[in-house]
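# Understanding the architecture of this molecule
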Amino acid sequence: MCLSHSYLTGVMNCKKATELVEKGFIQPLTLKEFLALRVHLSLCSDCKNYKHYSVLLEKAIRPKTDHEHDIAYRLTDAQKEEIKLKLNQSMEDKSKNSGM
Ligand SMILES: [Zn+2]
């Protein structure tokens, strides 16, 4: 196998690669997309950096661990409503106290 850099990176251009990085945050990539992106990232340091900073940014925006993510999915709608209600109540309590 003797594939040149330009051939491999050419399979997916940088625009497409960054699009897939973004898409990966919203929904799981298909195996084909995942592999193509991985090949591109292993050869293109620009996109590798882009992904690195996107991940950091994403974590900053949504500070959620995988564990918490799991729990959120296991909750029923009724349980979620209950949590929302409790949160609202505690926020109201806080604003009452600070208003004194
Ligand atoms: Zn690239």
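Here the structure is shown first, and the text comes after it.
Residues numbered from 1 in each chain as written. Predicted model: local features only at pLDDT ≥ 70, side-chain atom pairs only at ≥ 80, totals over all residues.

## What about the overall build of the protein chain?
Within the protein chain, the secondary structure is distributed over six helices and zero strands. Reading the protein chain from its N end, one meets helices and strands in the order α-α-α-α-α-α. Buried residues in the protein chain amount to 9% of all 100 residues. Pairs at least 24 residues apart make up 67% of the contacts formed inside the protein chain by residues separated by at least 6 positions. (Helix = DSSP H or I, 4+ residues; strand = E, 2+ residues; numbered from the N terminus. Buried ≥ 20, exposed ≤ 12 C-beta atoms within 10 Å, placed from the backbone. Contact = placed C-beta atoms within 7 Å.)

## A short note on the packing of helix 2 (residues 14-26) against helix 4 (residues 45-61)
One way to put it is that helix 2 packs onto helix 4 with a least axis distance of 10 Å and a crossing angle of 20 degrees. Here helix 2 lies roughly parallel to helix 4, going by the angle between them. Here helix 2 and helix 4 pass one another in a crossing that is right-handed. Contacts between helix 2 and helix 4 involve Cys14, Ala17, Thr18, Val21 and Phe25 from the former and Asp46, Cys47, Tyr50, Lys51, Ser54 and Glu58 from the latter. (Axes fitted to C-alpha atoms, helices over the stretch in contact; angles between N-to-C directions. Parallel < 35°, antiparallel > 145°, perpendicular 65-115°, else oblique. Left-handed = near helix turned anticlockwise from the far one by under 90°.)

## Observations concerning the nonpolar core
Met12, Ala17, Leu20, Val21, Leu37, Leu41 and Cys47 together form the largest nonpolar core, which totals seven residues. When contributions to this core are tallied by element, the ones reaching two or more residues are helix 2 and helix 3 (31-43). Here this core takes three residues from helix 2, the largest share from any one element. With sequence-adjacent residues up to four places away left out, Leu41 is seen in contact with Cys47, Lys48 and Lys51. (Core = buried A, V, L, I, M, F, W, Y, C linked by C-beta atoms within 7 Å.)

## With respect to helix 2
For helix 2, built from 13 residues, the straight-helix expectation of 18 Å at 1.5 Å per residue is met to within 8% by its first-to-last C-alpha distance of 19 Å. Along its buried surface, helix 2 packs onto helix 3 and helix 4. (Expected span 1.5 Å × (residues − 1).)

## Overview of the environment of Leu37
Relative to the elements of secondary structure, Leu37 occurs in helix 3. By C-beta crowding, Leu37 is classed as buried, having 22 other C-beta atoms within 10 Å. Here Leu37 is in contact with Met12, Ala17, Leu20 and Leu29, once residues within four sequence places are set aside.

## Topic: helix 3
In this model helix 3 runs 19 Å from its N-terminal to its C-terminal C-alpha over 13 residues, within 8% of the 18 Å that 1.5 Å per residue would give. Turning to helix 3, its buried residues are Leu37, His40 and Leu41. One side of helix 3 holds all its buried residues, which, seen down the axis, span an arc of 100 degrees. Seen from the open side of helix 3, the exposed residues pointing more than 90 degrees away from its buried face are Leu31, Lys32, Leu35 and Ser42. (Arc of directions from axis to C-beta.)

## Observations concerning the environment of Glu19
Inspection of the secondary structure assignment puts Glu19 in helix 2. We classify Glu19 as partly exposed; it has 14 C-beta atoms within 10 Å.

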